[in-house]
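Commentary on secondary and tertiary structure
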Amino acid sequence: MEKELKINSVDVTFYASIKEKLWIGIPVVLLIGLLSTLIYNHHAEFSWDGFVGGFNQEFLIFFGIGVFAQLVDGTLGMGYGATSTSFLLAYGVPPVVSSTGVHVAEMFTTGASAISHHKFGNINKKLVKHLLIPGVLGSITGAYLLSDVIDGDLIKPFIAVYMIVLAVVIIKKALKKSIVKKKTTKLSALAVFGGFMDSVGGGGWGPIVTSTLLGRGRNPRYTIGSVNAAEFAISFASGITFMLFGGIHGWQVIIGLILGGVISAPLAAYLVNKIRRKPMMIAVGILIILLSLKTLSKLL
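Below is a summary of the structure that appears in this document. (Residues numbered from 1 in each chain as written. Predicted model: local features only at pLDDT ≥ 70, side-chain atom pairs only at ≥ 80, totals over all residues. Heavy atoms only, no water.)

Re the overall build of the protein
- On a plain count of helices and strands, the protein comes out with twelve helices and zero strands.
- In the protein, the succession of α and β elements from N to C terminus is α-α-α-α-α-α-α-α-α-α-α-α.
- For the protein, the residues scored as buried account for 49% of the 300 residues in total.
- Intrachain contacts of the protein at a sequence separation of at least 6 include 88% that bridge at least 24 residues.
- Of the roughly 14600 Å² that the protein leaves accessible, carbon and sulfur atoms contribute 69%. (Helix = DSSP H or I, 4+ residues; strand = E, 2+ residues; numbered from the N terminus. Buried < 20%, exposed > 50% of the residue type's maximum accessible area, 1.4 Å probe, protein only. Contact = heavy atoms within 4.5 Å. Areas by Shrake-Rupley, 256 points an atom, 1.4 Å probe, with all protein chains shown as cover.)

Quick look at the nonpolar core
- Leu 88, Leu 131, Trp 205, Val 209 and Leu 257 are the most contacted members of the largest nonpolar core, which has 51 residues in total.
- Apart from the residues lying within four places of it in its own chain, the contact partners of Leu 131 are Leu 187, Ala 191, Trp 205, Val 209, Val 227, Ala 230 and Ile 234. (Core = buried A, V, L, I, M, F, W, Y, C linked by side-chain atoms within 4.5 Å.)

Considerations on empty space enclosed by the protein
- Counting across every chain of the model gives one cavity of 30 Å³ or more.
- Here the largest cavity is characterised by a volume of approximately 30 Å³.
- As for the largest cavity, its lining consists of 14 residues, of which Gly 79, Tyr 80, Gly 81, Gly 206 and Pro 207 are closest to the centre.
- Listed by contribution, the elements that provide at least two residues to the lining of the largest cavity are α4 (80-91) and α9 (205-215).
- Here the lining of the largest cavity is built from residues that sort into five nonpolar, five polar and four charged. (1 Å grid on protein atoms, 1.4 Å probe; cavity = no way out; pocket = protein on both sides within 12 Å on 5 of 7 lines; lining within 4 Å. Points joined across faces, edges and corners; volume = space filled by probe spheres on them. Nonpolar A, V, L, I, M, F, W, Y, C, P; charged D, E, K, R; others polar.)

So, the packing of helix α3 (residues 57-76) against helix α11 (residues 251-271)
- Interhelical geometry of α3 versus α11 gives an angle of 30° and a closest axis separation of 6 Å. Seen along the crossing, α3 lies across α11 with a hand that is right-handed.
- Residues that form the contact of α3 with α11 fall into these classes: 15 nonpolar, nine polar and one charged. (Axes fitted to C-alpha atoms, helices over the stretch in contact; angles between N-to-C directions. Left-handed = near helix turned anticlockwise from the far one by under 90°.)

Regarding a nonpolar patch on the surface
- Nonpolar side chains collect at one region of the surface, where Tyr 144, Val 149, Ile 240, Leu 244 and Phe 245 lie side by side and expose about 470 Å² of accessible area between them.
- Element by element, the count of residues in the nonpolar patch is highest for helix α10 (residues 220-246), at three residues.
- Turning to its location among the elements, Leu 244 is positioned in helix α10. (Patch = residues over 30% accessible without salt bridge, like charges linked within 9 Å, V, L, I, M, F, W, Y side chains within 5 Å. Salt bridge = Lys/Arg side-chain N within 4 Å of Asp/Glu carboxyl O.)

Overview of the packing of aromatic side chains
- Within this structure, the stated rule accounts for five aromatic pairs.
- Considering the side-chain rings of Phe 62 and Tyr 91, the 5.8 Å spacing of their centres and the 85° angle between planes classify their relative orientation as edge-to-face. You can see Phe 62 sitting in helix α3 and its partner Tyr 91 sitting in helix α4, a full 29 residues away along the chain.
- For Phe 62, a relative accessible area of 3% gives the class buried.
- Relative to Tyr 270, the ring of Phe 120 has its centre 6.1 Å away and its plane inclined at 55°; by these criteria the two rings are tilted. Here Phe 120, found in the loop between α5 (95-119) and α6 (125-148), pairs with Tyr 270, found in helix α11; they are 150 residues apart in sequence, far enough to count as distant.
- Of the residues examined, Tyr 270 reaches a relative accessible area of 44% and is grouped as partly exposed. (Phe/Tyr/Trp six-rings, centres within 6.5 Å; stacked < 30°, edge-to-face > 60°.)

Structural notes on α3
- Given a rise of 1.5 Å per residue, 20 residues ought to cover 28 Å, and the 29 Å separating the end C-alpha atoms of α3 matches this to within 8%.
- Where α3 is concerned, the buried positions are Phe 59, Phe 62, Ile 65, Gly 66, Ala 69, Gln 70, Val 72, Asp 73, Gly 74, Thr 75 and Leu 76. (Expected span 1.5 Å × (residues − 1).)

Re the side chain of Ser 98
- Here Ser 98 shows up in helix α5.
- Classification of Ser 98 by relative accessible area gives buried; the value is 1%.
- If we skip the residues at most four places from it in the chain, Ser 98 touches Thr 85, Leu 88, Leu 89 and Val 93.

Things to note about the packing of α6 against helix α8 (residues 187-201)
- Packing of α6 against α8 brings their axes to within 6 Å, and their N-to-C directions diverge by 35°. Relative to α8, α6 is oriented so that their crossing is right-handed. Of the residues in α8, those touching α6 at Leu 127, His 130, Leu 131, Pro 134, Gly 135, Gly 138, Ser 139, Thr 141, Gly 142, Ala 143, Leu 145 and Leu 146 are Leu 187, Ser 188, Ala 191, Val 192, Gly 195, Phe 196, Ser 199 and Val 200.
- Of the residues contributing to the contact of α6 with α8, the split by class is eleven nonpolar, nine polar and no charged.

Focus on the side chain of Ser 235
- Tracing the backbone through its elements, the reader meets Ser 235 in helix α10.
- Judged by its relative accessible area of 0%, Ser 235 is buried.
- Discounting residues that sit within four places of it in the chain, Ser 235 has contacts with His 103, Glu 106, Met 107 and Thr 110.

Dropping the structure here:
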């Protein structure tokens, strides 16, 4: 009997070990596959001179946006898309290019973020599973509409207004004094809406999903880690959809955001319990409002 229990214990430990490795293995395999596909399909578009010439002042700006946006997202559980899209639109990057760039870059940055949060023990796996499939379906729908149906220039002012709304949501959540823990319901509907708005607007998964869950009294550490982990699948799905229906535009934007985000992802995961969240949320919200107002002023 004792021998049987030992064998069962070894089996349970073995399968648990495999499951743990999958949480890191799946993002790594997907990212390597994506990178290989991108290099194979688009290597003809690059030359050595073009590659070297791409590392100019503009690239440094996109790199800086990537670093800052990932630090915001990794520590607050929201704001990567809203922050980077607001900066890119304010800089004059077209909506389709900015949204494609943000989501292709997020395929890498959210992968790095998911691995980092897993390493620091910030993930509630049950919550990730509830958010995953509905979020992916919503993001694919939004990415398809923006790539093949909606005119990006036409919706640019609406995206800027949407970013202001997201910023107000972030600030409102930061100013809320006491949060009473409530049972979280309709997770699937929340994930579908968050994924859809994230794809169409170039951001919104974190402000919609994370802020709602935190507003219901969920543990900040596990909520942020779990929403960031699920965001990898959402970004991957929308990024692939953008590639299939709209092609890839703005390589300088994409590479700058990827490098900046991947470098700062481990630091953000480490800082998630070290920083004062409320002042940073308010500062990020105000910054997004100012950037969005700048974009609107150019369009009016």
